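Here is what each chain is made of, one letter per residue.
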Amino acid sequence: MSLSILRPGLLTTVQDLGRHGYQKYGVLTGGAMDTGAARAANLLVGNEEQEALLELTLSGAELLTDGEMLLAICGADMTVTANGERLPLWRPVLVRSGVVIKFGACLSGCRSYLAVAGGLDVPVIMGSRSTYVRGGIGGYEGRALKSGDVLNVKPAGLLSERMKSQLSGEIAESFAAPLWHASHFAIAASLADPIIRAMPGTHYGRFTEDSQKALFGQTYQIAAQFDRMGYRLEGTQKLALASPQELLSEAVANGTVQLPADGNPIVLLADRQTTGGYPRIAQVASVDIPVFAQLKPGDRFRFEVITQQDAERLYLYSERDMRMLKAAISLKVNAS
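Sequence order sets the numbering: in each chain, residues are counted from 1 along the sequence as written. Where totals are concerned, whole chains, interfaces and linings use all residues; where local detail is concerned, this predicted model gives features only for residues with pLDDT of at least 70, and gives and counts side-chain atom pairs only at 80 or more. To get the side-chain values, all heavy atoms of the structure are used, and hydrogens and water are removed first.

> Would you mind going over the packing of helix H1 (residues 35-44) against helix H5 (residues 308-335) with me for this structure?
Packed helix pairs are characterised by how far apart their axes lie and by the angle those axes make with each other. At a minimum axis distance of 10 Å, the contact between H1 and H5 shows a crossing angle of 15 degrees. Of the possible angle classes, the one that applies to H1 and H5 is roughly parallel. Crossing angle aside, the handedness with which H1 passes H5 is right-handed. For the pair H1 and H5, contact is made by Gly-36, Arg-39, Ala-40, Leu-43 and Leu-44 and by Glu-319, Met-322, Leu-325, Lys-326 and Ile-329, respectively. Inter-axis angles, ranging from 0 to 180 degrees, are taken between N-to-C directions of lines fitted to C-alpha atoms, where helices are fitted over the stretch in contact. Labels follow the DSSP assignment, with helices taken as runs of H or I lasting at least four residues and strands as runs of E lasting at least two, numbered in each case from the N terminus. Should an angle fall under 35 degrees it is called roughly parallel, over 145 degrees roughly antiparallel, and 65 to 115 degrees roughly perpendicular, with every other angle called oblique. Crossings are sorted by hand: turned counterclockwise from the far helix by less than a right angle, the near helix makes the crossing left-handed, and turned clockwise it makes it right-handed. In this analysis, two residues are considered to be in contact whenever any of their non-hydrogen atoms come within 4.5 Å of each other.

If you want it as structure tokens, here you go:
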């Protein structure tokens, strides 16, 4: 069973939850930008959360199914169709063999995730199947997908087979889907002018008082310079240190907010470098990092200050929700 790439769209790559344990050697983590959507997509087809799946950016991809397969699409709403018929999001969908799946323009969000029961069968490099395009490692030949690529799918597990069996009798012209869904997790892709919660960073106290107030007081816009490495932000007031300082390069994390010399912050994301020498003014809370994955140039947002304790509490709540989703799917399928 396989997926053939008819058109790759703007940027389509194979991702999972990242390459962990190698940052001390200068190897970045990478992985899905919106980990919440990626994890939910895998759970909805009966996979473990870390299985490899497709990350699609903005628009344009077309895929061909070779074999009847169970899939789920989460994240941005890219007006996805199967042989011209609109596919529902945030739920398992059983699709016939020979169906063309098209991703159109984004109605909301920026990145969509397509998981297939069993997971995509690409080589494991340093414990991960995720693609790092700049480094040419992982995923499918270490690069973004191109027309003509064929992605093999691993055998599905027992839970996935039960889902397929339950939907097989309901399949119509192109696909079948249950009534239940996991749309609660769609919030990152549907917010307008969101609030991003963040903690003051290591060097926050070295900035001018006006800059500290501006960081959490003004509205920011995503600049044209945005990719998987990071997002450059534009605000009405530029930020500045209280006095010029030379800093040693230190470790950075997903969601670190750095300030280069031009005074416009940069939010580091999945494909960030492992160290950085710019002053770190803030750190985005883990639960709100997926929101950045769904923002695109021109989108606006504001920062809101929270404590580390608040960020930890929100993270624990989000992990509880993910465990509840996993348990609910298993209960729903096994009880049917």
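> What is the right way to read the sheet that holds strand S18 (residues 266-268) from this model?
Where strands meet in a sheet, backbone hydrogen bonds hold them as pairs that are either parallel or antiparallel. Spatially, S13-S20-S17-S18-S15-S14-S21 is the arrangement adopted by the seven strands of the closed barrel, whose pairing is mixed. When the angles between neighbouring strand axes are averaged without regard to direction, this sheet yields 40 degrees. Bridge analysis of strand S13 (residues 195-200) against strand S20 (residues 280-284) gives three bridges, and the strand direction is antiparallel. When the bridges of S20 are listed, Met-199 appears paired with Gln-283. Its contacts with the sheet put helix H3 (residues 209-217) on S13, strand S14 (219-226), S20 and strand S21 (300-305), and the angle it makes with S21 is roughly 120 degrees. At least two bridges found by DSSP between two strands is the condition for calling them paired.

> What is the right way to read the nonpolar core from this model?
The nonpolar side chains of soluble globular proteins are, as a tendency, buried together. Take the buried residues of types Ala, Val, Leu, Ile, Met, Phe, Trp, Tyr and Cys, join any two whose side-chain atoms come within 4.5 Å, and each joined set is a nonpolar core. Accessibility here uses a 1.4 Å probe with only protein chains present; expressed as a share of the type maximum, an area under 20% marks a residue as buried, one over 50% as exposed, and anything in between as partly exposed. Among the nonpolar cores identified, the biggest contains 86 residues, and Leu-54, Phe-103, Phe-292 and Phe-303 are the most heavily contacted of them. Looking at this core element by element, the count peaks at seven residues for strand S5 (residues 69-77).

> Please clarify how unusual backbone geometry should be interpreted in this entry.
For residues other than glycine, phi is negative in most cases, and the peptide bonds are mostly trans. Even without being glycine, Leu-58 reaches a positive phi, approximately 70 degrees. By the element assignment, Leu-58 lies in the loop between strand S3 (53-57) and strand S4 (61-66). Not every positive phi belongs to a glycine, and Trp-90 is a case in point at roughly 60 degrees. Structurally, Trp-90 is set in the loop between strand S7 (85-86) and strand S8 (93-95).

> I keep staring at the packing of helix H2 (residues 158-168) against H5 and nothing clicks. Help me out?
One can describe the packing of H2 onto H5 by two numbers: an axis separation of 10 Å at closest approach and a directional angle of 50 degrees. Here H2 is positioned oblique relative to H5, judged by the angle of their axes. The two elements H2 and H5 cross, and the hand of that crossing is left-handed. Residues Leu-159, Arg-162, Met-163 and Gln-166 of H2 form the contact with H5, whose own contacting residues are Ile-329, Ser-330, Val-333 and Asn-334. Residue polarity follows a fixed list, in which Ala, Val, Leu, Ile, Met, Phe, Trp, Tyr, Cys and Pro are nonpolar, Asp, Glu, Lys and Arg are charged, and the others, Gly among them, are polar. The residue inventory of the contact of H2 with H5, partitioned by class, reads four nonpolar, three polar and one charged.

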